[in-house]
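Report on the structure
Below are the chains, spelled out letter by letter.
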Amino acid sequence: MDRRNFISSSLIAGGSALLARRGFAGQASPSPEQIPGAVPDSRIDSARFPDGFLWGMASAAYQVEGAWNIDGKGESNWDRFAHTVGRIKGAATGDIACDQYHRYPEDIAILKRLNQKSYRFSTSWARIQPSGTGPANQKGIDHYSRLTDALLEAGIRPFCTIYHWDLPQGLEDRGGWPNRDLAAYYADYAGLLAKHLGDRITTWAPFNMPWTFTYYGYGIGVFPPGRADFSQFLKAAHTVNLAQGEAFRAIKAASSRATVGSAYGMAPAYPKTASEADRAATARYHAMNNLYFLNPAIHGEYPRAFVGDPPYEAMGYRPGDDKIMKVPLDWIGFHYYTRRVVSAAQGSFEPGTAGHFGTETEGEGGSSARDPLTRIHVEMPTEGPLTEAGLEIWPTGIYDLVTQISREYNHPIIEISENGCCYLDSPDETGRVPDARRIAFHRQILAELARAIADGARVRAYHAWSLVDNFEWADGYTQRYGLTYVDFRSQKRTIKDSGLWYGRVAATNRLNV
Ligand code: FCB
C-alpha cells in the first residue's frame, strides 16, 4: 500500500473509531485497548498535574505574524523562499498569515480566556536587524515590547524563542548557517533582544529545532535556502552550536534575570529488531536527532552520532570550540510529535532519496541510509492511528522521551516546548469546531506526561502547538494545528472545542474535564 493510501485508510479507521465511541457513527465501538498505542481511559481520568504547572501555547513569528515588510522589517529567507514559485504548497506565503503583528491583543485575549500561563512566541531577526547585522530597528523592538507587556498584563509568562527558522536574507546571501561568522552575528542579535526586553522576559530559547532547519535547509533542500549537501549541513549545525554558546553568554551579560534553555525537536527512537546493529543505529539516531545540540551545550562535545569519529574537518571544527559550545543551560525544552523506528542501513546512501513528509523527514527507497555518515535508516511507524499530517499517534513516546532525557542529563528541569496534531476540522453550521480527535490526542499524550512527572521527571511546562491555525512551512495552509480555527480570508478566530477543553485542563490540572 503506498503511504498516501495507507494514511487515508488508517485515518478513516482511527477517526471513525473515535466518532463511534461518541455515538455519531452508529458502528461498533472499539475500546481504547483495541487502538494500538492508546492509553486506557482510567489512566486519563486519574492523571493530575502539579500546582503551578505552566500550561501554554506556542507559535512562531513567520507562521503567524504577517506584516512581512512593515515597520522597517527586512526580507527573511522564508520571505524569499515563499515568494519563489514552486517551493510552497498552493503558492502560499506568510505575507499576511494570521496577521498577529496587528491582532496580538485579540490572540492574547484568547490565551487569557483559556487560562494559559505561558505563551511561547518567536522574534523575527529581520524585524530587529533588517539585514542581519547593525543597530536595532526601534520599531521592531517596540513591537515585541508591546507584545511582552500585553502578555504580562494578562498574567502570562512570555517565553521567547530567538530563532524559529527565519534568517535575514542578507545573512543567507553571505552563505547562511554554514558560514561560521553567523555565530557572532547571532549572539549580537540575541544580546540586543536581552538588552531591550530582558527586564521583562526571563525565559529564552535560542533555537527552535536546530537539527530540522540545518538538515532541511542545507542537507536536503526542502527548506530555505534549498541546498542539498550533507557537508553543508555539518557546517551549518556546527555554527549553530557555536551560536548557541555565544548567545547564552550574550543574553546573560545583558540581563541578570535571564534563564536560557532550548526548544529542540526530539523523537524517541526504537530499534526495528533486537539486533546489535539496529540498537547501535538507534543510539546514533538519538545522538544525531535529539542530542546533537544538547550535548555540546551541557558537556562541550558532540554525542556519538556517526559511525566512527565525528567528521571534525568537514564540520569546520577548530581547537577550542568545545569551550565556546559548552554552557550550563538552565532548563531543557523539547518538542514531542511522534516516534521513529530505526535500523542499520543496508543499502548505500543515495542522494535525494530522503523524503519530506509533513514536518518530518524519512529515508525512502528500501533500507538505504538517510545520510552517508550516520548510516541509519529511519521509519515513521504506522501501527497507531495517524493524524491528518500522517504522523503516528504514540502517547507512550512522550513518557519514554522525557524519562530518557531525565536519566541521561541528571534530572534537569524540562519544558515541553511543543506538542500537537493536524486535523482539518472547520466550523459546523452552528459555528462550533467539534475537533474531538484533537481532544483525544492531547488527553492521551498528557496522561503519559503526567505519568512521567509522577515517576519523578521535573517537567514544569507544556505548550500545545498551536494557539491558532497558521502557515505550516512548506505545506502552506494545507495543515491546521491550531486550538483556535482561523478563517484566513476574514482573519476571524473561532476557539475549537479542543481549545475550550484545554482551557479547562489549565484551570484544573486534570484531563477528564
Ligand atoms: C514543528 C515546528 C513548528 C510547527 C510544528 C507543526 O516542527 O517547530 O513550527 O511547524 O512542527
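Note that this is a predicted model, so its numbers are computed, not measured.

Once that is clear, we can look at the sheet that holds strand E8 (residues 332-336). One open sheet holds the nine strands; their spatial order is E5-E4-E3-E2-E1-E14-E13-E8-E6, and the pairing between them is parallel. Taken across any chain shown, the strands that pair with only one partner, and hence form the sheet edges, are strand E5 (259-260) and strand E6 (264-266). Alignment of E6 against E8, held across three bridges, turns out to be parallel. Within E8, the residue paired with Met266 across the bridge is Tyr336.

Okay, the sheet that holds strand E12 (residues 376-379) next. With respect to topology, three strands assemble into an open sheet ordered E7-E9-E12, the strand pairing being mixed. Where the open sheet ends on each side, the last strands, each with one partner, are strand E7 (269-271) and E12. Neighbour-to-neighbour, the strand axes of this sheet turn through a mean angle of 35°, independent of strand direction. Pairing of strand E9 (residues 340-344) with E12, which is carried by four bridges, proceeds in the antiparallel orientation. Residue pairing for E12: Ala344 is matched across the bridge by Ile376.

The next thing to look at is the site of the ligand. Taken together, 13 residues lie around the ligand, and Gln63, His164, Met209, Glu472 and Trp473 are the ones closest in. Note that an oxygen atom of the ligand is positioned 2.7 Å from one of the side-chain N or O atoms of Gln63. In this structure, an oxygen atom belonging to the ligand sits 3.0 Å away from a side-chain N or O atom of Asn208. Isolated, the ligand exposes 290 Å² of accessible area, and the fraction of that covered by the protein chains is 99%. Of the residues contributing to the shell around the ligand, the split by class is six nonpolar, five polar and two charged.

We now examine the state of the cysteines. The final tally for this structure, using the stated rule, is zero disulfides. Cys98 takes part in no disulfide bond, and the closest cysteine sulfur to it belongs to Cys422, at a distance of 14 Å. You can call Cys98 buried: its relative accessible area is 0%. The closest cysteine sulfur to the non-disulfide-bonded Cys421 is located on Cys422, 7.9 Å from its own sulfur. A relative accessible area of 1% places Cys421 in the buried class.

Let us look at the packing of helix H10 (residues 210-219) against helix H11 (residues 230-254). Between H10 and H11, the least distance of the axes is 8 Å, while the angle of their chain directions is 145°. Considering how the two elements wind past one another, H10 and H11 form a crossing that is right-handed. On H11, the residues that touch Pro210, Trp211, Phe213, Thr214, Tyr215, Tyr218 and Gly219 of H10 are Phe230, Gln232, Phe233, Ala236, Ala237 and Val240. Split into classes, the residues belonging to the contact of H10 with H11 amount to ten nonpolar, three polar and no charged.

Reading the values: rules and limits
- Residues numbered from 1 in each chain as written.
- Predicted model: local features only at pLDDT ≥ 70, side-chain atom pairs only at ≥ 80, totals over all residues.
- Heavy atoms only, no water.
- Pairing = 2+ DSSP bridges.
- Helix = DSSP H or I, 4+ residues; strand = E, 2+ residues; numbered from the N terminus.
- Axes fitted to C-alpha atoms, helices over the stretch in contact; angles between N-to-C directions.
- Near = heavy atom within 4 Å.
- Polar contact = N/O pair within 3.5 Å; in protein donor to acceptor, adjacent residues only side chain to side chain.
- Areas by Shrake-Rupley, 256 points an atom, 1.4 Å probe, with all protein chains shown as cover.
- Nonpolar A, V, L, I, M, F, W, Y, C, P; charged D, E, K, R; others polar.
- Disulfide = S-S within 2.5 Å.
- Buried < 20%, exposed > 50% of the residue type's maximum accessible area, 1.4 Å probe, protein only.
- Left-handed = near helix turned anticlockwise from the far one by under 90°.
- Contact = heavy atoms within 4.5 Å.

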